[in-house]
Amino acid sequence: MFDSLNISASALSAQKLRMDVTSSNIANASTTRGKLVNGNWEPYRRKMVVMEPRERAFNQVLQGEIKKQTGSETKLQGVRVTGIVDDKTPFKTIFDPTNPDADNEGYVKLPNVDLSKEMVDLLAASRAYEANITTFNTGKSMMLKALDLGR
């Protein structure tokens with residue numbers, strides 16, 4: 001009965017984390033001193049959230065396959081965040097010999113954050129969050145109506 005609410009709740013928390021990570025990327029789009037590596041400052045590296053469907057136990061998978069053979073539906077589980085990973089795209093470089101973070105040749109490494117890509121990610125996460133709120137509220141109202149029918 002509460003499966004739809006649990007699925008929406010898992011998606012809400014995953015999308016909120018995605019919005020937080022994207023906001024952090026936007027805030028650090030010009031941070032040239034993100035991490036100290038081998039005595040040198042490395043720019044901020046873009047982060048990405050990795051999500052996957054929630055895993056089910058073996059007996060749940062087996063029961064789902066049996067139900068699939070009989071025409072019943074399988075139980076859905078929702079989504080979970082498996083981690084936050086660094087984007088491995090190369091850093092941008094600009095020629096600015098006056099910058100204190102410039103190398104011996106006068107080039108400065110900038111973060112690999114593309115603001116237009118981050119805004120699209122933020123918008124997509126925001127829309128997914130809104131859609132899951134709508135789904136959650138619809139499921140809740142259907143349960144309340146079912147309870148009203150029982151009166």
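For the structure, see preceding data.
These remarks concern the structure in this document. (Residues numbered from 1 in each chain as written. Predicted model: local features only at pLDDT ≥ 70, side-chain atom pairs only at ≥ 80, totals over all residues. Heavy atoms only, no water.)

1. Looking at the layout of surface pockets
- Taken as a whole, the largest pocket encloses approximately 190 Å³ of empty space.
- Secondary-structure elements contributing two or more residues to the lining of the largest pocket are β2 (40–42) and β6 (107–110).
- By residue class, the composition of the lining of the largest pocket is seven nonpolar, two polar and four charged. (1 Å grid on protein atoms, 1.4 Å probe; cavity = no way out; pocket = protein on both sides within 12 Å on 5 of 7 lines; lining within 4 Å. Points joined across faces, edges and corners; volume = space filled by probe spheres on them. Helix = DSSP H or I, 4+ residues; strand = E, 2+ residues; numbered from the N terminus. Nonpolar A, V, L, I, M, F, W, Y, C, P; charged D, E, K, R; others polar.)

2. Topic: the pattern of salt bridges
- Under the counting rule described, the total for this entry stands at eight salt bridges.
- In this structure, Arg46 and Asp121 form a salt bridge, with 2.8 Å as the shortest nitrogen-oxygen distance. Linking Arg46 in the loop between β2 and β3 (47–53) with Asp121 in helix α3 (residues 115–149), this pair joins segments that are 75 residues apart in sequence. Take Arg46 and Asp121: they sit in the same class, and that class is buried.
- Two residues, Asp86 and Lys47, come together in a salt bridge whose shortest N-O distance is 3.0 Å. With a gap of 39 residues between them, Asp86 in strand β4 (residues 79–86) and Lys47 in strand β3 connect regions that are remote in the sequence.
- In this structure Lys47 comes out as partly exposed when scored by relative accessible area, which is 27%. (Salt bridge = Lys/Arg side-chain N within 4 Å of Asp/Glu carboxyl O. Buried < 20%, exposed > 50% of the residue type's maximum accessible area, 1.4 Å probe, protein only.)

3. With respect to the packing of aromatic side chains
- According to the stated counting rule, one finds one aromatic pair in the structure shown.
- Ring plane angle 65° and centroid distance 5.3 Å describe the contact between Phe95 and Tyr107, whose orientation is recorded as edge-to-face. You can see Phe95 sitting in strand β5 (residues 92–95) and its partner Tyr107 sitting in strand β6, a full twelve residues away along the chain.
- Given the relative accessible area of 38%, Tyr107 is considered partly exposed.
- Its end group placed over the ring of Tyr44, Lys47 keeps NZ or CZ at 5.1 Å from the ring centre. (Phe/Tyr/Trp six-rings, centres within 6.5 Å; stacked < 30°, edge-to-face > 60°. Lys NZ or Arg CZ within 6 Å of the ring centre and 35° of its normal.)

4. Here's the deal with the packing of helix α1 (residues 3–27) against α3
- It is at 9 Å that the axes of α1 and α3 come closest, and there the two elements cross at 160°. The pairing of α1 with α3 is recorded here as roughly antiparallel in orientation. In this structure, α1 meets α3 at a crossing whose hand is left-handed.
- When the residues that make up the contact of α1 with α3 are grouped by side-chain class, the tally is 15 nonpolar, ten polar and five charged. (Axes fitted to C-alpha atoms, helices over the stretch in contact; angles between N-to-C directions. Parallel < 35°, antiparallel > 145°, perpendicular 65-115°, else oblique. Left-handed = near helix turned anticlockwise from the far one by under 90°.)

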